[in-house]
Amino acid sequence: MNLDDESVGGIELGRLQGWMQAVITHPGGVGAGVASPAARRRVAVDAKSLETIVIPSETLTGAERLAIYSRSYHARLLQCMREMLPALYHALGEGLFNLFALDYLQHHPPRSYTLDNLADRFVQHLAETRPDSNALPSERESWPDFIVELVAMEWAFLKVYDGDGLEGRALPSAAGIRALDLERILESRPAPAPCLRLFAFRYPVHAYMLAVRRGERPPIPAPSETFVAATRSDFRVMLYELSAQQYAVLKAFDGQHALKDALDQIGSVSSPRPHAATIRDWLCDWASKGFLETV
Amino acid sequence: MSRFNYPNLGFGVGLRHQHFNYVLDNRPRVDWFEIISENFIDSRGWPRHVLARVAEQYPVVMHGVSMSVGSADPLDFGYLTRLKHLAREIGARWVSDHLCWTGILGRNTHDLLPIPLNEEALKHVVRRVRTIQDFLERPLVMENPSSYLSFASDTMREWEFLNALAEEADCGLLLDVNNVYVSSVNHGFDPLEYIESLPHERVVQIHVAGHTHCGTHIVDTHDGPVMRGVWELYRLACRHHDGVSTLLEWDSSLPEFPVLHAEVLKAKDYLTADSSPPESESLEHVAAGCSARASRHALAGAHPPHSSLPEYV
Ligand SMILES: [Fe+2]
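Okay, so let's go over this structure.

For the rest of this paragraph, the subject is the sheet that holds strand β11 (residues 245–249) of chain B. Residue and element names in this part refer to chain B. Ordered in space as β1-β2-β3-β4-β5-β7-β8-β11, the eight strands form a closed barrel in which the pairing is parallel. Mean inter-strand twist for the sheet, computed between neighbouring axes without regard to direction, equals 30°. Of the pairings in the sheet, the one linking strand β1 (residues 11–14) to strand β2 (residues 32–36) comprises three bridges and is parallel in character. Residue G12 lies in a different strand from β2, and its bridge partner there is W32. Sheet strands in contact with helix α3 (residues 77–90) are β2, β3 (60–63) and β4 (95–98), and its direction is about 170° off that of β3.

Residue and element names in this part refer to chain A. Taken across its eight residues, strand β6 (residues 226–233) has seven buried, putting it largely inside the fold. Relative to β6, strand β5 (residues 197–201) runs antiparallel, the two being bridged by five bridges. Each residue of the ladder has a partner; that of L198, found in β6, is A229. By the bridge criterion, seven bridges tie β6 to strand β7 (residues 236–242) in an arrangement that is antiparallel. Note on β7: the bridge partner recorded for S233 is R236. If you look at the hairpin formed by β6 and β7, you'll find two residues sitting between the two strands, and D234 has a positive phi there, around 50°.

Moving on: the packing of helix α5 (residues 86–107) of chain A against helix α10 (residues 205–213) of chain A. Residue and element names in this part refer to chain A. Contact geometry for α5 and α10: axes closest at 8 Å, N-to-C directions at 95°. Taken together, the axes of α5 and α10 are roughly perpendicular relative to one another. Residue-level contacts link P86, A87, H90 and A91 of α5 to Y208, M209, V212 and R213 of α10. Grouping the amino acids of the contact of α5 with α10 by side-chain chemistry returns six nonpolar, one polar and one charged.

For the rest of this paragraph, the subject is the interface of chain B and chain A. Taken together, the 65 residues of chain B in the interface contact 65 residues of chain A. Carbon and sulfur atoms supply 58% of the area that chain B and chain A bury against each other, a total of about 6000 Å² over both sides. Across the contact surface, chain B and chain A share two salt bridges. The partner of R44(B) in a salt bridge is D164(A), and the shortest N-O contact between them spans 2.8 Å. Connecting chain B to chain A are 28 residue pairs in polar contact (both at pLDDT 80 or more). Counting only elements with at least two residues in the side of chain B that touches chain A, the list comes to α2 (46–57), α3, α4 (119–136), β6 (150–151), α6 (177–187), α10 (289–292) and β12 (311–312) of chain B. Looking at the side of chain B that touches chain A, its residues break down into 29 nonpolar, 25 polar and 11 charged.

The next subject is the coordination of the iron ion. Residues and elements named next belong to chain B. Coordination of the iron ion by the protein comes from E143 (OE), D176 (OD), H207 (ND1) and E249 (OE), over a distance range of 2.0 to 2.3 Å. Note that the iron ion binds four donor atoms; their angles at the metal cover 85 to 172°, and the shape is irregular. Between consecutive donors of the iron ion, the numbers of intervening residues give the motif E-x32-D-x30-H-x41-E. Highlighted residues: E143 in strand β5 (residues 140–143) and D176 in strand β7 (residues 172–176), separated in sequence by 33 residues. Accessibility assignment for this pair places E143 and D176 in one class, buried.

Turning our attention to the side chain of K84(B). All names here are of chain B. Mapped onto the secondary structure, K84 falls in helix α3. A distance of 2.8 Å separates polar atoms of two side chains, one belonging to K84 and the other to E137. Excluding residues within four positions of it along the chain, K84 makes contact with F135, L136 and E137.

Turning to the pairing of β1(B), a few remarks are in order. Looking along a regular strand, one sees the side chains alternate between the two faces of the sheet. Residues and elements named next belong to chain B. Two strands pair when backbone bridges link them, and β1 and β11 are joined in this way by three bridges, in the parallel orientation. Along β11, the bridge assignment pairs V13 with L248. Between the parallel elements β1 and β2, the chain passes through helix α1 (residues 20–26) in a crossover that is right-handed.

Before going further, it helps to examine the environment of V65(B). Residue and element names in this part refer to chain B. Structurally, V65 is set in the loop between β3 and α3. Overall, the relative accessible area of 7% leaves V65 in the buried class. Spatially, the C-alpha atom of V65 lies 8.0 Å from that of T102, the residues being 37 residues apart in sequence.

Between its terminal C-alpha atoms α2(B) stretches 17 Å, which fits the 16 Å expected from 12 residues at 1.5 Å a residue. Among the residues of α2(B), W46(B), P47(B), R48(B), V50(B), L51(B) and V54(B) are the ones counted as buried. Elements that come into contact with the buried residues of α2(B) comprise α7 (143–162) of chain A together with α1, β2, β3 and α3 of chain B.

This part covers the packing of aromatic side chains. Applying the stated criterion across every chain yields a total of 24 aromatic pairs over all chains. Taking the centre distance of 6.1 Å and the plane angle of 70° together, the rings of F253(A) and W286(A) count as edge-to-face. Of this pair, F253(A) sits in the loop between α11 (244–252) and α12 (259–267) while W286(A) sits in helix α13 (residues 276–289), and the two are 33 residues apart along the sequence. A network of ring pairs unites the aromatic residues Y240(A), F253(A), W282(A), W286(A) and F291(A) as a single cluster. A cation over an aromatic ring shows up here: K84(B) above the ring of F135(B), its NZ or CZ 5.0 Å from the ring centre.

Rules of the game
- Residues numbered from 1 in each chain as written.
- Chains lettered and ligands numbered in written order.
- Predicted model: local features only at pLDDT ≥ 70, side-chain atom pairs only at ≥ 80, totals over all residues.
- Heavy atoms only, no water.
- Pairing = 2+ DSSP bridges.
- Helix = DSSP H or I, 4+ residues; strand = E, 2+ residues; numbered from the N terminus.
- Axes fitted to C-alpha atoms, helices over the stretch in contact; angles between N-to-C directions.
- Contact = heavy atoms within 4.5 Å.
- Buried < 20%, exposed > 50% of the residue type's maximum accessible area, 1.4 Å probe, protein only.
- Parallel < 35°, antiparallel > 145°, perpendicular 65-115°, else oblique.
- Nonpolar A, V, L, I, M, F, W, Y, C, P; charged D, E, K, R; others polar.
- Buried area = accessible area lost by both parts, 1.4 Å probe.
- Salt bridge = Lys/Arg side-chain N within 4 Å of Asp/Glu carboxyl O.
- Polar contact = N/O pair within 3.5 Å; in protein donor to acceptor, adjacent residues only side chain to side chain.
- Donors = N, O, S within 2.8 Å, 3.2 Å for Na, K, Ca; no water.
- Tetrahedral: all angles 85-135°; square planar, octahedral: opposite > 155°, others 65-115°.
- Right-handed = clockwise from strand over helix to strand, strands pointing away.
- Expected span 1.5 Å × (residues − 1).
- Phe/Tyr/Trp six-rings, centres within 6.5 Å; stacked < 30°, edge-to-face > 60°.
- Lys NZ or Arg CZ within 6 Å of the ring centre and 35° of its normal.

Any functional reading would require information beyond the geometric quantities listed.
What follows is the structure in structure tokens.
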């Protein structure tokens, strides 16, 4: 073993901790962890000389004691991912779910003080590592789309639940909007609520997620283009299906551009362009559902 | 030195998301609540809203799991700033964390990892506790963790380390008698010596909890009633106090709120009645927790309650 930088109490604290972290977080377990370059760079012990660092107890070897931490590191994070993403767990089954989650955790180990950010980059990781990521979009298989979209939906649900909302704030009323003439409607600059999330999915993953959360065991759905809004009302997460036109209009709201400019902007992708009276009806509906912060 | 004027709050339980609605609707006559700080500091939704309402009606204490006092990484002042804001916002009676490290090189393992018990680590921890106390503008309360390994470089016992830490950093102590019990088996020391050697004038709070015996070692699973041996240690510790804030930790397989509340009130019953410690139904049950050890503090309350399922039209 190599104890070059010995200090008062043995190995310098940072090196010892770097070693222990490399050992207990290694996906291959303690043996592979001790032998890994990340561990050996800090403390060059092998399975035999390990007990010059971690002493045995009456019942356990040093390696077995480290293994308690190694098992619990992986079990805790997997359990957390499972609780946060129950629909993905149902879709993949335990074996595949653990494989995907462990691969993600290995590439993006937790860095935050809270577990609430644990899967922040999971969608991105899944998209980047899908087996056909190098293929042309037209040649790709579609089931990875389902998986990626499902995780995006589940993660958004959690973020909307615990993120910024509009509770306790004075909000635009449907009656107030209905009283506006169409000219004023077109000049308005609707701002989306901070809790509003908009999705264009290839699969109806929102319905699948809800079914799993209700305790059902739904089959993987057939592809079906779906537009979904997630928002929060009185601390409850609410999901609504939208039409393609509604999705495009809502997507264009930024609180800065007048509605008529937003309509011009989407005119090319959404035809026929919705009538101003229709938009006024939508605004009333959206205001009552908590989609909008201001109109 | 007294307990920093931190009062005896009585018998409390952890505030967990599974009980949010029960607590709001029923206003149970529990003395106080402890929260896992990390489950609330970033919340801008239902958990934070519930906490604000609970803090209007009950004393609340903040118990953290990510301060990583023993890590060689720099302190995370962004985290400490949020902690300080929340403590002010809810009028937290005190703020506690563990004698441990949770990660290094920017990572967080979300586990309470053991530090080597030697002079180097002691100096390091004392320095950091002092810095944290200055920043939070309040004494920090440090808990003894349960641990599963020890280092060849250890030169002192955990209680010696805690004595020195409390004295040199001038901090409070949270005595987890379940952790003393768990570690005493895992390391083969005498838990009575541990308890008797502590500076009890600095013990601000006591934790009791359930654990799981795995044959070769014990794990603090927080998943059931408090075991008899732990109650014995609790009673021993209480001889040094004329009443100390007592909290039951129960994080996994969480029962209905009244069961949880009744469990912590057992402490009150037998302390006043001078009876034998209550029997738990199964002493040291062997359970699935041995291989997983997954249900520790940081997970508690991290997820939305099932009563808040989303709806869609
Ligand atoms: Fe504890």
